[in-house]
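Results of the structural survey
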Amino acid sequence: MLIEYSVKKGYRSEVDLFIAQAVLQYLCLRNKTTAHAAFSAYTSEHPHVESGPPFSQTPLLNFLWLLLLAVETGKLGHFTILCEKYQPSIRRDPCYREYLDRIGQIFFGVSPPQRGPGPGGLFGNLLTSIMGSMEEDDDDLDEPSQASSRAPRAAAAAAAPPPPKAMIAEDLD
């Protein structure tokens, strides 16, 4: 089914991206057997994938093949060198870095990457910056300086319409 989807919906240059997502996600789920089976079936049956391994036309497929071998051996040095050498292929999808961080933790005993305080990612950073600016605004309201508090009041008093005259019973006739 993945092969069919790749052929019908994907670009020929993306043939490796389809299986990369599957393999990396299976590994993140600690499922080495299914990751290896999916990779083998995809690369042997896909009409646009050269026979291999090695895959000289598609570095990402080579990376996946070598990653599966490294996972089997459990050697951290192999994993580290592999990730360094294939950086251009890994950078094709921003999710790969997160997957590889997780795979490193699961199969190679790598410590989780250090994250800054608070939530991470695009939305976490956006939320943090919004909350930070709201706190600054609250600080301004709590402790206004005398000069800054006079100016807005004076401007508001000058722009305010005069108070309405009291209505007299005669005005109602």
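Residues numbered from 1 in each chain as written. Predicted model: local features only at pLDDT ≥ 70, side-chain atom pairs only at ≥ 80, totals over all residues. Heavy atoms only, no water.

Attention now goes to the packing of helix H2 (residues 15–28) against helix H3 (residues 32–45). It is the contact of H2 with H3, at a shortest axis distance of 7 Å, that shows an interaxial angle of 165°. Comparing their axes, H3 and H2 come out roughly antiparallel. Between H2 and H3 lies a crossing whose hand is right-handed. Here Val15, Phe18, Ile19, Val23, Tyr26 and Leu27 of H2 lie close against H3, whose contacting residues are Lys32, Thr34, Ala35, Ala38, Phe39 and Tyr42. (Axes fitted to C-alpha atoms, helices over the stretch in contact; angles between N-to-C directions. Helix = DSSP H or I, 4+ residues; strand = E, 2+ residues; numbered from the N terminus. Parallel < 35°, antiparallel > 145°, perpendicular 65-115°, else oblique. Left-handed = near helix turned anticlockwise from the far one by under 90°. Contact = heavy atoms within 4.5 Å.)

Take the pattern of salt bridges next. Counted under the stated rule, the structure contains three salt bridges. Two residues, Arg92 and Asp16, come together in a salt bridge whose shortest N-O distance is 2.6 Å. Of this pair, Arg92 sits in the loop between helix H6 (87–90) and helix H7 (95–108) while Asp16 sits in helix H2, placing them 76 residues apart in sequence. The class for Arg92 is partly exposed, based on a relative accessible area of 39%. One salt bridge connects Arg97 with Asp101, and the closest N-O pair in it is separated by 3.4 Å. Within this pair, Arg97 and its partner Asp101 are both found in helix H7, separated by four residues, close to a single helical turn. (Salt bridge = Lys/Arg side-chain N within 4 Å of Asp/Glu carboxyl O. Buried < 20%, exposed > 50% of the residue type's maximum accessible area, 1.4 Å probe, protein only.)

Turning our attention to the nonpolar core. Here is a general trend for soluble globular proteins: nonpolar side chains tend to be buried in one another's company. Leu27, Phe63, Leu64, Leu67, Leu100 and Ile103 are the most contacted members of the largest nonpolar core, which has 35 residues in total. Of all elements in the fold, only H2, H3, helix H4 (59–73), helix H5 (76–85) and H7 reach the threshold of two or more residues within this core. Beyond its immediate sequence surroundings of up to four residues, Leu27 is in contact with Lys32, Ala35, Leu67, Leu68, Val71, Ile103, Ile106 and Phe107. (Core = buried A, V, L, I, M, F, W, Y, C linked by side-chain atoms within 4.5 Å.)

Turning our attention to the packing of H3 against H4. Relative orientation and spacing of two packed helices are given, respectively, by the angle between their axes and the distance between those axes. Relative orientation of the contacting elements H3 and H4 amounts to 150°, with a least axis distance of 11 Å. By the angle class used here, H3 and H4 are roughly antiparallel. Considering only the axes of H3 and H4, their crossing is left-handed. Of the residues in H4, those in contact with Lys32, Ala35, His36, Phe39 and Thr43 of H3 are Leu61, Leu64, Trp65, Leu68, Val71 and Glu72. Each residue belonging to the contact of H3 with H4 can be placed in one class, and the counts come to seven nonpolar, two polar and two charged. (Nonpolar A, V, L, I, M, F, W, Y, C, P; charged D, E, K, R; others polar.)

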